[in-house]
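Examination of the molecular architecture
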Amino acid sequence: MTTASLRGGPEPSARAAVVSVPVVTSRRPWWRTHTAQRHIFGYTLLAPAALYVLLLVGAPFLFSLYLAVSDANVGDPVAKFVGLDNFRAAWEMETFWIALRNSVIFLVVAAIFKTLLGTSLAFLLLQNFPGKKLIRGLVVIPFTLPVAISVLSWKWMYDSQFSVINWVLSRLGLIGTYGSASWPVWLGQPELALPACIAVNVWRTFPFSAIVLLAGFTAVPLEVLDAAKVDGCSFFQRFRHIVTPMIFPILMIGFLFDTVFTLSDLSVVYLLTQGGPANASKILPVLAYQIGIQAGNLGRGAAIALFLVPLLLPAMILVLRNIKRREW
Amino acid sequence: MAPKTQREKAVRRNLWIYAGLTPFVFMAVFPIYWMVITAFKQDPDLYRMENIPFWFNMAPTLKHFETLFYQTNYGSWIINTMVIAFWVAVITLLTAVPAGYALARLRLPGAENIGIAIFMTYLVPGIILFLPLSRVVATLGLQDSWWALVLVYPTFTIPFCTWLMMGFFKTVPLEMEEAARVDGCGQLGALIRVVLPVSLPGVLTSVIFAFTLSMQDFLYGLAFVSPGDQKPVPVGVPTELIRGDVYYWGSIMAAVLLVGLPVAILYNFFLDRFIQGITGGVVK
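Right, let's walk through the structure included here. (Residues numbered from 1 in each chain as written. Chains lettered and ligands numbered in written order. Predicted model: local features only at pLDDT ≥ 70, side-chain atom pairs only at ≥ 80, totals over all residues.)

Side note on the overall build of chain B
If you tally the helices and strands in chain B, you get 15 helices and 2 strands. Compactness check: chain B gives a C-alpha radius of gyration of 24 Å against a globular reference of 19 Å for 284 residues, more than 25% above the reference. Principal-axis analysis of the C-alpha atoms gives chain B an extent of 80 × 75 × 30 Å. Every one of the 284 residues in chain B was classed for burial, and the buried ones make up 46%. Considering only residue pairs separated by 6 or more positions, chain B has 76% of its internal contacts joining residues 24 or more positions apart. (Helix = DSSP H or I, 4+ residues; strand = E, 2+ residues; numbered from the N terminus. Rg over C-alpha atoms; globule rule 2.2 N^0.38 Å. Buried ≥ 20, exposed ≤ 12 C-beta atoms within 10 Å, placed from the backbone. Contact = placed C-beta atoms within 7 Å.)

With respect to the overall build of chain A
Helices and strands together make up the secondary structure of chain A, namely 17 helices and 0 strands. Counting across all 328 residues of chain A, residues that qualify as buried make up 40%. The long-range share in chain A, meaning contacts at least 24 apart out of those at least 6 apart in sequence, stands at 67%.

Looking at helix 5 (residues 111–122) of chain B
Along its 12 residues, helix 5 of chain B runs 17 Å from first to last C-alpha, staying within 8% of the 16 Å computed at 1.5 Å per residue. Within helix 5 of chain B the residues assigned to the buried category are Gly115(B), Ile118(B), Thr121(B) and Tyr122(B). Here the buried residues of helix 5 of chain B occupy an arc of 125° about the axis, which is enough to place them on one side. Check the buried side of helix 5 of chain B and you find it contacts helix 4 (34–68) of chain A together with helix 4 (74–105) and helix 8 (154–171) of chain B. (Expected span 1.5 Å × (residues − 1). Arc of directions from axis to C-beta.)

Structural notes on the interface of chain A and chain B
Counting from both sides, the interface comprises 77 residues of chain A and, opposite them, 79 residues of chain B. If one sorts the elements of the side of chain A that touches chain B by residue count, helix 4 of chain A sits on top with 19 residues. By residue class, the composition of the side of chain A that touches chain B is 62 nonpolar, 14 polar and 1 charged. (Nonpolar A, V, L, I, M, F, W, Y, C, P; charged D, E, K, R; others polar.)

Here we look at the nonpolar core
Core analysis: the largest hydrophobic core is formed by 162 residues, its most contacted members being Leu272(A), Ile304(A) and Val256(B). Counting residues per element, this core draws most heavily on helix 11 (residues 190–218) of chain A, which supplies 16 residues. Not counting chain neighbours up to four residues away, the residues in contact with Ile304(A) comprise Ala90(A), Phe96(A), Leu284(A), Leu287(A), Ala288(A) and Ile291(A). (Core = buried A, V, L, I, M, F, W, Y, C linked by C-beta atoms within 7 Å.)

As for the environment of Leu126(A)
Residues and elements named next belong to chain A. By the secondary structure assignment, Leu126 is in helix 6 (residues 94–126). Along the chain, Leu126 and Val57 lie 69 residues apart, while their C-alpha atoms are 38 Å from each other. The contacts of Leu126, once residues within four sequence positions are left out, are Leu214 and Phe217.

A word on the packing of helix 4 of chain B against helix 11 (residues 200–216) of chain B
Residues and elements named next belong to chain B. Packing of helix 4 against helix 11 brings their axes to within 9 Å, and their N-to-C directions diverge by 135°. With respect to helix 11, the element helix 4 is oriented oblique. For helix 4 against helix 11, the interelement crossing comes out right-handed. Touching Ile84, Ala85, Val88, Ala89, Thr92, Leu93, Ala96 and Val97 of helix 4 are Val203, Ser206, Val207, Ala210, Phe211 and Ser214, all from helix 11. (Axes fitted to C-alpha atoms, helices over the stretch in contact; angles between N-to-C directions. Parallel < 35°, antiparallel > 145°, perpendicular 65-115°, else oblique. Left-handed = near helix turned anticlockwise from the far one by under 90°.)

Concerning helix 6 (residues 126–139) of chain B
For an α-helix, 3.6 residues make a turn, and residues three or four places apart therefore share a direction. Residues and elements named next belong to chain B. Compared with the 20 Å implied by 1.5 Å per residue over 14 residues, the 19 Å span of helix 6 between its first and last C-alpha is a close match. Where helix 6 bends most, at Pro132, the angle is about 35°. Of all 14 residues that make up helix 6, 11 are buried, and the element is covered over most of its length. Every buried residue of helix 6 is listed here: Gly126, Ile127, Ile128, Leu129, Phe130, Leu131, Pro132, Leu133, Ser134, Val136 and Val137. With its phi angle positive at about 70°, Gly141 sits one or two positions after the end of helix 6. (Bend = angle between axes of the 7 residues up to and from the residue.)

Side note on the environment of Trp147(B)
All names here are of chain B. With respect to the helices, strands and loops of the structure, Trp147 is situated in helix 7 (residues 147–152). When the 19 C-beta atoms within 10 Å are taken as the criterion, Trp147 is described as partly exposed. Between the C-alpha atoms of Trp147 and Ser251, which are 104 residues apart in sequence, the distance is 27 Å.

The following block contains the structure:
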């Protein structure tokens, strides 16, 4: 037993016990050893969280794979296996391709804008100036407001007739008056609907990009930078060899979170346009909801939602590798 | 020109920073301002385009708030929101705090992989889970009640808060725990008497996140809860106050304002903790 406990690592109390009363410990059965006790204690603490997640995330995920290959629908609880029919049906649906294309456009365009806005905001907030706390508090409001709530405020600002955005544009002479051909109906015109939704997503999440970047920068100890400076490293060398590697893991986590949330978020588009007009702003989550819940075709809906997985996977793998490399 | 003094330089620099920040502040705050002013405007004032809309052209009114409380389920939605948040926070604390401690401190075999697995479940989006979960909710007989949301919201709060707590527990000096053990505390005693009090900021942060993350949900509430009086605010307002093509913008803005602003302010208070949390708790 003593060898086992020594092999078990430098557990401080076990070490103490071995040194002071080695005779007693050596007679303990294995489950009374300190290491075993610690493991039992640890797994007991871990169990509730692990079980909850296993039962309500793991199992449903597998269940969604099952739904996707069945003809399950809301009215009929007995589902039968239909193979890849649901995927094939989605594949043959024009709306599906529009939604997939829109999802990708949404993700990429939004990412570009929030990276630009987030980075510039982060660099500004990195400075010290009077009133910094207040200003930081104000600029993060879009991110802290519950999403459904802020989307409603945008829906009002995009109103077809009483849009405040249009009021300003009209007074500036950039567009005509209400009813004229140059009066934009943000949520009603096919070419404007998707950009309008993307704008709301960018507005909502650019503070998050900025916060994540800031967190990355503040995680770099100034002493290390100073030391490098003293040793004669140039600004770019410091940036390349110290700042970048130190903030990279945090940036990756932020990037992944944002990708997942943007790709899978239904609320912005659903509340603004429901995917309309004529599917112009339809994205995969909205389509999955409309087919799975509104039309009651659980199998088809699950299949469409699962098409998000290949889109999410690269981001997930990237971050998984990153976390693995982090010191645990 | 004479060389500038140190002070002048500083003022100049600050002015540049403010100039750079102004568009961001405007962008962030204008929709909120617009919400506030809409909530207090009389209807004729709202729907008239000749006047400058940025200020009151008629006397402010509380009529929209009255409509909200007397003619809709708004009161119930607020209560639902609070009760849901309370239960979600309780479930999250009871599971995520011990799990975070076990993963950060007890050197369990496989701890690293379990931690990553739990983290990854946070990234399984609701849009993939909501159809199977709708079956789970129906099987348990929870459909059409806010208890359905108490059941499903921890699926994202537990992974997030476990991760958060792990970060916090790693920052508690190991010596404190060892000292407690030497002084005769058991493992559980050391956790409850020494580690938890020191990690109180982390625990509080978890509570805040259980609340704010629940408020961010729209999909689950939309899919699982249809009776008008069972909805939380973020779901009730868009689904019940928008009837067909008729919009009650004054009341809608009043409704979202009352809940949205306190949540945003609360979140703001915890911004520093939030930053600490996602960086794994960098404590100086």
